[in-house]
Amino acid sequence: MKKILKVFLLTSSLLLLASCSVQKTEPEPLRVISVSGKGSVSVKPDIVTLKFIVKTSEWNVSFAAEKNATNTANVLAALKEAGVSEADISTYDYKITQDNSNTYAGKYTITNTICVVVRNIEATGKVIDAAVKNNIGANGIISFEYSLSDNTSALRQARTLAVQNAQDAAALLAGASGCKIGTVQEIHEDYISTARNTFAYTEAKLMDSTGSVTTPIEAGNIEISSNIRVTYSLIN
């Protein structure tokens, strides 16, 4: 009888031990905080990208094409004479359309868009004047954009500022709620390089560019920005 009791107690102990070992303690859910951060660096651009349009309209499509080709050739020659490298000149778009807004077939319009990269910003006004010289070349600008030939250093600075900005925000919010921030769980970035929109200004000066005064262009600065979203863990 005592032997049976000992076996029973031993078996019960083993079963209890097995039961304890099977049960697992559920981990506490990870507490996190997500914040946004932004860093911007103001720098002077060293490149201007222009898109000139050469537009001609005629009742005969062949005449329109011939006139457009002549004016485009004038623009290309003038750009090269103004010091723009051939490698920095390209055809961006070419369109042939017909006005069908009336009951009869309208004029044909041909638009040739020329993309020009100016690597000497101080020569931008000279390039614009050359393109529209004597009113037999380009007759509009549809895009005017400043940029950097190498934004590596500026972007690195902007990213560093963005991370610091996000960390400061997370630490402030966590501290106000009685916690501290832990390790980074996730980080996402979307950076944007911005420039002023100078199209309206350039168009106004373009109309007065038939004189001897060079079109004045002021580059100013552009911003290289890094926008991020960071998720930190929270600890007590």
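Before any of the text, the structure's been laid out above.
Definitions and cut-offs
- Residues numbered from 1 in each chain as written.
- Predicted model: local features only at pLDDT ≥ 70, side-chain atom pairs only at ≥ 80, totals over all residues.
- Heavy atoms only, no water.
- Helix = DSSP H or I, 4+ residues; strand = E, 2+ residues; numbered from the N terminus.
- Contact = heavy atoms within 4.5 Å.
- Pairing = 2+ DSSP bridges.
- Axes fitted to C-alpha atoms, helices over the stretch in contact; angles between N-to-C directions.
- Buried < 20%, exposed > 50% of the residue type's maximum accessible area, 1.4 Å probe, protein only.
- Salt bridge = Lys/Arg side-chain N within 4 Å of Asp/Glu carboxyl O.
- Expected span 1.5 Å × (residues − 1).
- Arc of directions from axis to C-beta.
- Polar contact = N/O pair within 3.5 Å; in protein donor to acceptor, adjacent residues only side chain to side chain.

The next thing to look at is the environment of G39. Tracing the backbone through its elements, the reader meets G39 in strand β1 (residues 32-43). Sequence separation between G39 and R156 is 117 residues, and the spatial gap between their C-alpha atoms is 9.9 Å. Not counting chain neighbours up to four residues away, the residues in contact with G39 comprise A158, L161, A162, I224, S225 and S226.

One open sheet holds the four strands; their spatial order is β3-β4-β2-β5, and the pairing between them is antiparallel. Every interior strand has two partners, whereas the edge strands, β3 (89-98) and β5 (140-147), have only one. Between one strand axis and the next, the sheet turns by 15 degrees as a mean value, whatever way the strands run. Where strand β2 (residues 47-58) meets β5, seven bridges bridge the pair, whose relative direction is antiparallel. Note on β5: the bridge partner recorded for V48 is Y146. Packed on one face of the sheet, helix α3 (residues 124-131) meets β2, β4 (108-118) and β5 and runs near 10 degrees to β2.

Counting buried positions along α3 yields seven of eight residues, so the element is predominantly enclosed. If you check which residues of α3 are buried, you get T124, G125, V127, I128, D129, A130 and A131.

A separate point is the pattern of salt bridges. All chains considered together, the criterion is met by four salt bridges. Across the pair R159 and E189 runs a salt bridge whose closest N-O atoms are separated by 2.8 Å. On the criterion of sequence distance, the pair formed by R159 in helix α4 (residues 152-176) and E189 in strand β6 (residues 180-194) is long-range, its members being 30 residues apart.

Attention now goes to helix α2 (residues 61-81). Given a rise of 1.5 Å per residue, 21 residues ought to cover 30 Å, and the 30 Å separating the end C-alpha atoms of α2 matches this to within 8%. Three or more residues of α2 are buried, namely A64, N68, N71, T72, V75, A78 and L79. End-on view of α2: buried residues confined to an arc of 125 degrees, all on one side of the axis. Turned more than 90 degrees away from the buried face of α2 sit F63, E66 and E81, all of them exposed. Where α2 is buried, its residues contact β2, β3, β4 and α3. The N-cap of α2, judged by a side-chain oxygen 2.8 Å from the amide nitrogen of S62 a few residues on, is N60. In the segment just after α2, G83 is the residue with positive phi, at about 105 degrees.

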